[in-house]
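Take a look at the letters that make up each chain.
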Amino acid sequence: SHRHHVLHDQEVDKRTCVPMNHLWEQQAPYTVCNSSLSEYGVLGFELGFAMASPNALVCWEAQFGDFHNTAQCIIDQFISSGQTKWVRHNGIVLLLPHGMEGMGPEHSSARPERFLQMSNDDSDAYPVSSFFEVSQLYECNWIVVNCSTPANYFHVLRRQILLPFRKPLIVLTPKSLLRHPEAKSSFDEMVSGTTFQRVIPESGPAAQAPHEVKRVIFCTGKVYYDLVKERKNQDLEKQVAITRLEQISPFPFDLLKEELDKYPTADLVWCQEEHKNSGYYDYVRPRFRTIVNRTRPIWYVGREPAAAAATGNKNMHLVSLRRFLDTAFNLEAFEGKT
């Protein structure tokens, strides 16, 4: 929706208005511009701008998340490893539209698995610190999030500029949530005293009687809204809890341990809309296993492995969606398995 940030006068040529520059007195200037589809060159420029202006919130958005691949060398050589190689902090934000929305393989996946694979946290080590959240942010090489609410998106950008240090931020942003009737936030969630939620736990009927819950589904991004709708359709709101990971890396070990301890007898499921060899599963699975000391399995629910990021056939897209939603709420799907 950034294309609506500059208003053009239809009567007077070149007369424009940027409402974001008139929010309050003494605010920082806000600039939005359309860059050419030369991702390699433009992202390199924005990276240098962010380094030279550390107090500016510099956001680069790919037209679709997939299109960051033509700037892959900038990401690999400079963004993911820049601090380690040159001891230079950089707070650039990459906004990557991402989500299986039936639009075909070139307009679906920002390849989150690549960013997660290059994250430097240890899947086998449960970190212990009195300043856990900020310590993780300080030690990581970048931050990867997938925000499911407007308030959390606001807070993660706000946190990005308020941190006393700079880290690259990768934001996976589903386009369909711009108009989804359930993807909304009250202004009460954005006032003083509110913060970014790394994990949004179940808050419905299942959370009121956790020992009766048979399955906990963990997910991230817009698939949450598909899961909530299906759970309601199947009348399983007391038996199935759904927890959202809003910050995937650094991994929120502390908050997820609280969730896992809350549902001691429930099946643990990771559900994603991406194919099994893509998305988040390979990253989150060993970390969940570390939290439970490998005493409970974390089952996968999602699409089967595939070479392409998504199908180009809308009917096949809907069939595969129906298939993994059925599995997610089949409470006998993993019985007898180890």
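Located above this text is the structure these notes cover.
Residues numbered from 1 in each chain as written. Predicted model: local features only at pLDDT ≥ 70, side-chain atom pairs only at ≥ 80, totals over all residues. Heavy atoms only, no water.

Enquirer: For this particular structure, what's the right way to read unusual backbone geometry?
Expert: Apart from glycine, the bulk of residues carry a negative phi angle, and the bulk of peptide bonds sit in the trans form. The residue after S249, namely P250, is reached through a cis peptide bond having omega 0°. Here P250 shows up in the loop between β10 (247-249) and α9 (253-262). Positive phi values are uncommon outside glycine, yet V87 reaches one of about 55°. The residue V87 is located in the loop between α3 (82-86) and β4 (93-96) in this model. (Helix = DSSP H or I, 4+ residues; strand = E, 2+ residues; numbered from the N terminus.)

Enquirer: Looking at this structure, I do not really get the environment of R111. What am I missing?
Expert: Its location among the elements puts R111 in the loop between β4 and α4 (112-117). For R111 and E61, which are 50 residues apart along the polypeptide, the C-alpha to C-alpha distance reads 15 Å. Discounting residues that sit within four places of it in the chain, R111 has contacts with H68, H98, S278, A307 and A309. Within the structure, R111 has its side chain in polar contact with the side chain of S278 (distance 3.4 Å). (Contact = heavy atoms within 4.5 Å. Polar contact = N/O pair within 3.5 Å; in protein donor to acceptor, adjacent residues only side chain to side chain.)

Enquirer: Would you mind going over the packing of aromatic side chains with me for this structure?
Expert: Centre-to-centre distance and the angle between the planes together describe a pair of aromatic rings. Evaluation of the coordinates by the stated rule reveals 15 aromatic pairs. Relative to W142, the ring of F115 lies with its centre 5.3 Å away and its plane at 50°, an arrangement referred to as tilted. Taken together, the positions of F115 in helix α4 and W142 in the loop between α5 (132-139) and β5 (143-145) put the pair 27 residues apart, joining distant regions of the chain. Among the residues examined, F115 registers a relative accessible area of 1% and is labelled buried. Members of the aromatic cluster, joined through ring pairs, are Y126, F218, F251, F253, W270, Y280, Y283 and F288. Directly above the ring of Y138 sits K167, whose terminal nitrogen or CZ lies 5.8 Å from the centroid. Stacked on the ring of Y224, the Lys or Arg R244 has its end atom at 3.7 Å from the ring centre. (Phe/Tyr/Trp six-rings, centres within 6.5 Å; stacked < 30°, edge-to-face > 60°. Buried < 20%, exposed > 50% of the residue type's maximum accessible area, 1.4 Å probe, protein only. Lys NZ or Arg CZ within 6 Å of the ring centre and 35° of its normal.)

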